[in-house]
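Summary of structural features
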Amino acid sequence: MRDSKKTAGDGDGKRGSNGSTPASSDASTDGGYNAGMAVFSYIIGGIIVWSLIGWGLDYLWGTRWIVLAGALLGAVGGFYLSHMHGLTSSRKNADGRHAPSAPSQDGEDNAK
């Protein structure tokens, strides 16, 4: 059965709102931006969540320093999560594996 919302001009339904073909939504085309936003979100989210937890504990216990420890823990935790998800390394070999970040074995830095 045909979908009543499709018109004859839609074809395969993969056109943008202005009738042109949409840009590729493949993650490989804008992976740097998406990875950067994910790292940013993890770190800022960790700071906010753990600062609120620290603020609550400060309120309960009458201290003033746990909110700062919570903010630091949130930043470190956010970076750790982004690193474990593979978002902090952008260099890859031709076969898709991550390139080593250490100097080359022959001692040359290959800088141009």
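Everything numeric here is computed off the predicted structure, so don't read it as measured data.

The subject of this paragraph is the overall build of the protein chain. When its secondary structure is counted, the protein chain shows two helices and zero strands. Here the protein chain, with 112 residues, has 11% of them falling under the buried criterion. Partitioning the intrachain contacts of the protein chain with sequence separation of at least 6 by distance along the chain shows that 37% fall at a separation of at least 24. As displayed, the protein chain has an accessible area near 9,500 Å², and 61% of this comes from carbon and sulfur atoms.

What follows covers the side chain of Ser-51. You can see Ser-51 is positioned in helix α1 (residues 31–61). Taking the relative accessible area as the measure of exposure, Ser-51 reaches 16% and is therefore buried.

The next thing to look at is the confidence of the model for the protein chain. The predicted coordinates ought not to be read in detail in places where the model reports low pLDDT. Averaged over all residues, the pLDDT of the protein chain equals 74, while 52% of them reach at least 70. This stretch, residues 24–28, has a pLDDT under 50; its non-local contacts, to residues over four places away or in other chains, come to one contact.

Attention now moves to helix α2 (residues 66–84). Counted at 1.5 Å a residue, the expected span for α2 with its 19 residues is 27 Å, and the 26 Å between its end C-alpha atoms agrees. Burial in α2 covers these residues: Ile-66, Gly-70, Gly-74, Gly-78 and Ser-82. One side of α2 carries all its buried residues, which in axial view fall inside an arc of 135°. Relative to its buried face, α2 has exposed residues pointing more than 90 degrees away, namely Leu-68, Leu-72, Val-76 and Met-84. Positive backbone phi, approximately 75°, marks Gly-86, located one or two places after α2.

What follows deals with the side chain of Asp-58. For Asp-58, the position within the fold is in helix α1. Buried and without a salt bridge, Asp-58 has Arg-64 as its closest oppositely charged side chain, separated by 7.8 Å. From its side chain, Asp-58 meets the backbone nitrogen of Val-67 in a polar contact 2.9 Å long. When near neighbours in sequence (up to four residues on either side) are disregarded, Asp-58 contacts Thr-63, Arg-64, Trp-65, Ile-66 and Val-67.

Another aspect to go through is the environment of Ile-44. Position of Ile-44 among the secondary structure elements: in helix α1. Ile-44 sits 30 residues away from Gly-74 along the chain, and the two C-alpha atoms are 7.9 Å apart.

Looking at where Ser-41 falls in the secondary structure, it is placed in helix α1. Judged by its relative accessible area of 44%, Ser-41 falls in the partly exposed class. Along the backbone, Ser-41 and Phe-79 are 38 residues apart, and their C-alpha atoms lie at a distance of 9.8 Å. For Ser-41, the side chain forms a polar contact with the main-chain oxygen of Met-37, separated by 2.8 Å.

Scoring rules and cut-offs
- Residues numbered from 1 in each chain as written.
- Predicted model: local features only at pLDDT ≥ 70, side-chain atom pairs only at ≥ 80, totals over all residues.
- Heavy atoms only, no water.
- Helix = DSSP H or I, 4+ residues; strand = E, 2+ residues; numbered from the N terminus.
- Buried < 20%, exposed > 50% of the residue type's maximum accessible area, 1.4 Å probe, protein only.
- Contact = heavy atoms within 4.5 Å.
- Areas by Shrake-Rupley, 256 points an atom, 1.4 Å probe, with all protein chains shown as cover.
- pLDDT = per-residue confidence, 0-100.
- Expected span 1.5 Å × (residues − 1).
- Arc of directions from axis to C-beta.
- Lys, Arg positive; Asp, Glu negative; His and termini not counted.
- Salt bridge = Lys/Arg side-chain N within 4 Å of Asp/Glu carboxyl O.
- Polar contact = N/O pair within 3.5 Å; in protein donor to acceptor, adjacent residues only side chain to side chain.

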